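Residues per chain, in single letters:
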Amino acid sequence: MIRNTSGNNGLFIPGPTNIPDQVRQALNVASQDMRAPDFGEFTLPLFRDLKRVFKTESAEVFIFPGSGTAGWEATLTNLFSVGDKVLMSSFGQFSTLWVDMAQRFGLDVEHCKVEWGLGVPFEDYRRILEQDKEHKIKGLFVCHNETATGVTSDIKQVRTILDDLNHPALLCVDAVSSVAAIDFRMDEWGVDAVVTGSQKGLMMPTGLGIVAVSQKAIALRAQATLPRSFLSFDDMMKHNATGHFPYTPATSLLHGLRASLDFLFEEGLENVFDRHWRLAHAVRCGVEAWGLELCAKDPALYSDTVSAIVVPEGFDSGEVLKAAYYRYNLSLGSGLSKVAGKVFRIGHLGNMNEIMVLQALAGAELAMKDCGIQIELGSGVAAAQETFLLNNRVSLKQAA
Ligand SMILES: *Cc1c(COP(=O)(O)O)cnc(C)c1O
């Protein structure tokens, strides 16, 4: 099939996300002396402002050239040792991959396998930690927003479990597809390590793996013996103190980050979160109007950054994706691994607004219809439009 590429690329995958013009322009900079004595005047405010995004006063922030996956690896290798017992759970592709990485590094993973569409298994975590009287479990791992299934888990509940049991395990959180789109409160939730990447909520190209680490975890890193070199917190901290880096930083991406942070603060973080809820809610109402279901099993788990939509029995979501891509120049997110063929996803995070969401819904309707799925054209769009009407907004949020 020949792809129709005229018009704008409809990009509705949950990362990389659409890049604001301000950010794209900021990326275009001449090469810069990264050892210049005043380089820190540019870089130190980036660390300070990332703390605002993570909502932490005291954490150390690390900016690695890499992606979210590098952030996972930095967390594991700087804070743990071979044979360390850790508690993890999987309920989607990303949480599964973090477990896999921990196992490859030789950690002793207590792995709670959860049905895809559900979230962090609080009861299991509580039971397992309760039995761990000797505090053998060194780390507790959580995927805040499982991008494969569109499930957000409540991090505060995990902190409550640790506090109730007075358990000292480090709380490590994958927030790659939530930071800067869904509220994240590192200090309030007592998170010890949080990982994100540049190409999701931060609306940048891929290329930065960003990690924030609590002082408690920083203090423990000397005891951790996994080898680390490129992703060493120690090396970074030595140079970051003056705003420099142990090796050549991705300077143009740092300029993009500056623009992205300015863009976020201009709207206001709370407004950014609110917008994401509004757009997500509209998508969810659209899906309901189609008579289809989300992969996420419970409204309390619905993600404000991505929705995974289950196609009816007998249909292949891959065909919907192809129709959308080739005929309508619209990229929707694919079903990954266990849910391949079963779901397609709409990424509604980052530089996104109401009319863009309607574009995604209208395109998804066309693509589904092309594949023979019986939905009523315009039904999802109309349902979403209803939620955008000024008069409906306030009451909808109260009712949800
Ligand atoms: C995208 C994503 C990752 C992987 O990040 P990369 O930047 O692709 O390495 C990890 N976790 C979640 C939840 C993600 O959405």
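The preceding data block contains the structure.
Given the structure is predicted, the values throughout are model-derived calculations rather than measurements.

Peer 1: Which residues make up the overall build of the protein chain, and what values do they have?
Peer 2: Along its length, the protein chain carries 14 helices and 14 strands. By principal-axis analysis of the C-alpha atoms, the protein chain measures approximately 60 × 55 × 45 Å. The 400 residues of the protein chain split such that 57% are buried. Counting contacts in the protein chain only where the partners sit at least 6 residues apart, residues at least 24 apart contribute 73% of the total. A total of about 16700 Å² of accessible surface is found on the protein chain, and carbon and sulfur atoms cover 50% of it. Counting 36 positive and 46 negative side-chain charges, the protein chain places the centres of these two groups 2 Å from one another.

Peer 1: Outline the packing of aromatic side chains, supporting the account with residue identities and numerical values.
Peer 2: Throughout the structure, instances matching the rule amount to eleven aromatic pairs. Considering the side-chain rings of Phe80 and Phe141, the 5.5 Å spacing of their centres and the 45 degrees angle between planes classify their relative orientation as tilted. Residue Phe80 is located in the loop between α3 (68–79) and β3 (85–90), and its partner Phe141 is located in strand β5 (residues 137–143); the two are separated by 61 residues in the primary sequence. Here Phe80 and Phe141 have matching classes, each one buried. Judged by centre distance (4.9 Å) and plane angle (80 degrees), the ring pair of Trp98 and Phe141 falls under edge-to-face. Of this pair, Trp98 sits in helix α4 (residues 93–104) while Phe141 sits in strand β5, placing them 43 residues apart in sequence.

Peer 1: With reference to specific residues and values, describe the site of the ligand.
Peer 2: What surrounds the ligand is the set Ser67, Gly68, Thr69, Trp72, Phe94, Asn145, Thr147, Asp174, Val176, Ser177, Gln199 and Lys200. Separating a nitrogen atom of the ligand from a side-chain N or O atom of Asp174 is a distance of 2.6 Å. Within the side chain of Lys200, an N or O atom sits 2.7 Å from an oxygen atom of the ligand. Taken by itself the ligand offers 380 Å² of open surface, and the protein chains cover 89% of this. Broken down by class, the residue content of the shell around the ligand amounts to three nonpolar, seven polar and two charged.

Peer 1: Break down the environment of Ser90 for me, citing the residues and quoting the values.
Peer 2: Examined against the element boundaries, Ser90 turns out to sit in strand β3. Relative accessible area serves as the criterion here: at 6%, Ser90 is assigned to the buried category. Here the alpha-carbon distance between Ser90 and Phe141, two residues 51 residues apart in the chain, equals 9.8 Å. Not counting chain neighbours up to four residues away, the residues in contact with Ser90 comprise Ser95, Thr96, Val99, His111, Cys112, Lys113 and Val114.

Peer 1: So what's going on with the pairing of strand β10 (residues 208–213)? Residues and values would help.
Peer 2: With respect to burial, β10 is a largely interior element, six of its six residues being buried. Judged by which residues are buried, β10 turns out to be covered on both faces: Leu208, Ile210 and Ala212 on one side and Gly209, Val211 and Val213 on the other are all buried. As judged from the five bridges shared by strand β9 (residues 193–197) and β10, these two strands associate in the antiparallel manner. Residue pairing in the sheet places Thr196 in a bridge with Ile210 of β10.

Peer 1: Tell me about the pairing of strand β14 (residues 343–347), and name the residues and values.
Peer 2: The element β14 is largely enclosed, with a buried count of five among its five residues. Direction of pairing for strand β12 (residues 306–310) relative to β14: antiparallel, over a ladder of five bridges. Residue pairing for β14: Ile309 is matched across the bridge by Phe344.

Peer 1: Give a detailed account of helix α5 (residues 122–131), specifying residues and quantitative values.
Peer 2: Buried within α5 are the following residues: Phe122, Tyr125, Ile128 and Leu129. Take α5 and look down its axis: the buried residues cluster within an arc of 135 degrees, on one side only. Turned more than 90 degrees from where α5 packs its buried face, Glu123 and Gln131 sit exposed. Considering only its buried residues, α5 is in contact with β3, β4 (108–113), β5 and α6 (155–164).

What counts and how
- Residues numbered from 1 in each chain as written.
- Predicted model: local features only at pLDDT ≥ 70, side-chain atom pairs only at ≥ 80, totals over all residues.
- Heavy atoms only, no water.
- Helix = DSSP H or I, 4+ residues; strand = E, 2+ residues; numbered from the N terminus.
- Buried < 20%, exposed > 50% of the residue type's maximum accessible area, 1.4 Å probe, protein only.
- Contact = heavy atoms within 4.5 Å.
- Areas by Shrake-Rupley, 256 points an atom, 1.4 Å probe, with all protein chains shown as cover.
- Lys, Arg positive; Asp, Glu negative; His and termini not counted.
- Charge placed at Lys NZ, Arg CZ, Asp CG, Glu CD.
- Phe/Tyr/Trp six-rings, centres within 6.5 Å; stacked < 30°, edge-to-face > 60°.
- Near = heavy atom within 4 Å.
- Polar contact = N/O pair within 3.5 Å; in protein donor to acceptor, adjacent residues only side chain to side chain.
- Nonpolar A, V, L, I, M, F, W, Y, C, P; charged D, E, K, R; others polar.
- Pairing = 2+ DSSP bridges.
- Arc of directions from axis to C-beta.

In short, geometric facts, not functional conclusions.
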